[in-house]
Amino acid sequence: PIVADYSNNPIDPFVYSRSQTSSIINIGSSHPPVVITDFSFFKEIDYNLFSSIGYHYSSDLDKWEVSDIASDYIFLGNHDLTFTPPGSLGIIYNYHHWLSHNQGYPLMSALEYLEGRHFSKKLNFIYLGFFDLSPQLIEKLKTSTNTVIIIYTDNMNSVIANRRLFIELINNNIKRPVIISRQYRKLSKDEFQINSSIELGSLILDGLGDGVFVSCKNPASEYNTNKIAFNILQGTRTRISKTEYISCPSCGRTQFNLEETTQKIRKQTEHLKGLKIGIMGCIVNGPGEMADADYGYVGTGYNKVSLYKKQELVKKNIEAKDALKELISLIKENGDWVSRD
């Protein structure tokens with residue numbers, strides 16, 4: 001194994017810059033980060049399970065309907081599918097299982113990658129930890145054109161350990177796309193959400209990683225796993241899959257129910273994918289705190305609200321009872337409104 005060298009750290013902690021990687025199908029380079037879902041630990045895989053990752057089969061239309069939070073790839077391990085999966089979904093198998101089927105894409109260990117003779121001509125995944133690195137592996141990764149690295153660590157401080165691996169890959173001029181993986185067990189939904197957001201989100205905010213591969217076998221459902229993965233990418237603003245809301249914690253200057261108002265606005269606008277809406281309690285700090293929002297809803301006094309387009313004040317001191325309707329009108333006037341499906 002090689003020894004990490006931190007004397008030449010290529011990651012600037014003060015300036016965001018996505019690491020430069022090659023493009024393989026829809027992974028790496030300028031592609032939005034992908035989401036890989038783990039189905040390998042299920043006993044059986046049927047149509048209903050796919051609805052948990054954004055794919056709904058319509059028997060009437062005999063086709064798959066795809067949502068905005070549909071996984072890009074699933075890992076089946078040694079499972080086989082008894083039905084035709086969505087055409088846009090990539091299927092990943094364990095290497096030896098893939099060898100016997102020659103369908104989908106293989107996931108292999110570092111040793112299998114070094115010693116194997118048969119690989120996919122389109123896309124291969126290698127499961128890689130820091131101590132798997134060797135001069136031979138580094139040289140092979142440098143010359144590969146169809147390999148994606150899935151990094152893992154057993155270190156309790158996974159952020160430090162994975163950043164260490166990223167530094168080694170960058171300093172060795174390995175341009176392969178990198179997926180950040182984390183597997184969790186026996187966590188509550190809240191624990192899973194907090195841990196995965198920290199351990200994956202921190203790296204993505206550093207510009208590291210071309211996707212996430214996260215699983216929690218108990219008790220989080222696969223839907224929650226998939227939803228959290230997309231929420232992490234949304235929170236880091238590397239892949240937008242829904243409307244984003246920016247809201248301040250309430251304080252003594254707020255003269256309306258901030259939580260209730262936010263829910264009302266969300267209910268009417270949550271289908272506006274990619275739009276950022278600021279909902280602020282007061283005029284003192286509100287405009288600054290929602291600086292990068294597309295639209296702003298800001299309290300200006302008792303039962304009074306002002307509306308913003310970006311940083312421009314466009315409607316001042318509207319009656320609170322009319323403010324949501326006026327916000328929707330403003331969004332429509334600027335061509336950002338779309339009808340619900």
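As the structure is a computational prediction, the values presented were derived from the model and not from experiment. (Residues numbered from 1 in each chain as written. Predicted model: local features only at pLDDT ≥ 70, side-chain atom pairs only at ≥ 80, totals over all residues. Heavy atoms only, no water.)

**Q** Just to check I follow, could you spell out the sheet that holds strand 8 (residues 147-151) for this structure?
**A** By way of backbone hydrogen bonds, the strands of a sheet pair with one another, either parallel or antiparallel. Within the closed barrel, the 8 strands sit side by side as 1-4-5-6-7-8-9-10. Their pairing is parallel. Sheet twist, expressed as the average angle between the axes of neighbouring strands with direction ignored, equals 25 degrees. Sheet topology note: the strand 4 (residues 73-77)/strand 5 (residues 90-94) ladder contains 4 bridges and is parallel. Note on strand 5: the bridge partner recorded for Y73 is G90. Lying on the sheet, helix 6 (residues 189-205) is in contact with strand 9 (178-184) and strand 10 (211-216); it crosses strand 9 at an angle near 160 degrees. (Pairing = 2+ DSSP bridges. Helix = DSSP H or I, 4+ residues; strand = E, 2+ residues; numbered from the N terminus. Axes fitted to C-alpha atoms, helices over the stretch in contact; angles between N-to-C directions. Contact = heavy atoms within 4.5 Å.)

**Q** Before we go on, may I ask you to explain the sheet that holds strand 11 (residues 244-247) in this structure?
**A** A sheet is described by the order of its strands in space; here 5 strands give the open sequence 11-12-13-14-15, paired in mixed fashion. Edge positions in the sheet fall to strand 11 and strand 15 (312-319), since each of these pairs with one other strand and no more. Averaged over all adjacent pairs, the angle separating strand axes in this sheet is 20 degrees, with direction ignored. Bridge count between strand 14 (residues 304-309) and strand 15: 5 bridges; the pairing is antiparallel. Paired with L307 across the bridge in strand 15 is K315. Contacts from helix 8 (residues 258-269) reach strand 11, strand 12 (276-280) and strand 13 (295-301) within the one sheet, and its direction differs from that of strand 12 by about 160 degrees. Those strands touched by helix 10 (residues 320-333) are strand 12, strand 13, strand 14 and strand 15, and its axis lies near 150 degrees from that of strand 15.

**Q** Any chance you could explain helix 6 here in plain terms?
**A** One turn of the α-helix equals 3.6 residues, which is why residues spaced by three or four share an orientation. In this model, helix 6 (17 residues) spans 23 Å end to end at C-alpha, consistent with the 24 Å of a helix rising 1.5 Å per residue. When the local axis directions of helix 6 are compared, the greatest deviation, roughly 25 degrees, occurs at I198. For helix 6, the complete set of buried residues consists of F192, S196, E199, L200, G201, L203 and I204. A positive phi of about 85 degrees marks G207, the residue just after helix 6. (Expected span 1.5 Å × (residues − 1). Bend = angle between axes of the 7 residues up to and from the residue. Buried < 20%, exposed > 50% of the residue type's maximum accessible area, 1.4 Å probe, protein only.)

**Q** Honestly, the environment of W337 in this entry has me stumped. Any pointers?
**A** Assignment of secondary structure puts W337 in the segment after helix 10. When the C-alpha positions of W337 and T269 are compared, they lie 8.7 Å apart, and in sequence the two are 68 residues distant. When near neighbours in sequence (up to four residues on either side) are disregarded, W337 contacts Q268, T269, H271, L272, I328, I331 and K332.

**Q** What is the right way to look at the pattern of salt bridges in this model?
**A** Note on pairing: side chains with opposite charge can pair once their charged atoms come close. Counted by the stated rule, this structure contains 14 salt bridges. With a closest N to O distance of 3.8 Å, K142 and E139 form a salt bridge. Taken as a pair, K142 and E139 lie in helix 4 (residues 135-143) at a separation of 3 residues, close to a single helical turn. The class of E139 is partly exposed, set by a relative accessible area of 46%. A salt bridge links E326 to K315; the nearest nitrogen and oxygen atoms lie 2.7 Å apart. Of this pair, E326 sits in helix 10 while K315 sits in strand 15, and the two are 11 residues apart along the sequence. For K315, a relative accessible area of 19% gives the class buried. Members of the salt-bridge network, linked through shared partners, are R237, E244 and D292. (Salt bridge = Lys/Arg side-chain N within 4 Å of Asp/Glu carboxyl O.)

**Q** Whenever I open this one, a positive patch on the surface confuses me. Can you help?
**A** The grouping of K189, K227, K242 and R266 at the surface amounts to a positive patch. Take K189: it is sitting in helix 6. (Patch = residues over 30% accessible without salt bridge, like charges linked within 9 Å, V, L, I, M, F, W, Y side chains within 5 Å. Areas by Shrake-Rupley, 256 points an atom, 1.4 Å probe, with all protein chains shown as cover. Lys, Arg positive; Asp, Glu negative; His and termini not counted. Charge placed at Lys NZ, Arg CZ, Asp CG, Glu CD.)

**Q** What is the right way to read the confidence of the model for the chain from this model?
**A** Parts of the model with low pLDDT should not have their predicted coordinates read in detail. Model confidence for the chain is summarised by a mean pLDDT of 91, while 96% of its residues fall at 70 or above. Ranking the helices and strands of the chain by mean pLDDT puts strand 8 first, with 98, and helix 9 (residues 286-289) last, with 86. (pLDDT = per-residue confidence, 0-100.)

**Q** What's the story with helix 4 in this structure? I'm lost.
**A** Every buried residue of helix 4 is listed here: L137, I138 and L141. The buried residues of helix 4 occupy an angular sector of 100 degrees when projected down its axis, which confines them to one face. Structural note: helix 4 exposes P135, Q136 and T143 on the side pointing more than 90 degrees away from its buried face. Of the surrounding elements, those touching the buried residues of helix 4 are helix 3 (110-115), strand 7 (124-128) and strand 8. (Arc of directions from axis to C-beta.)

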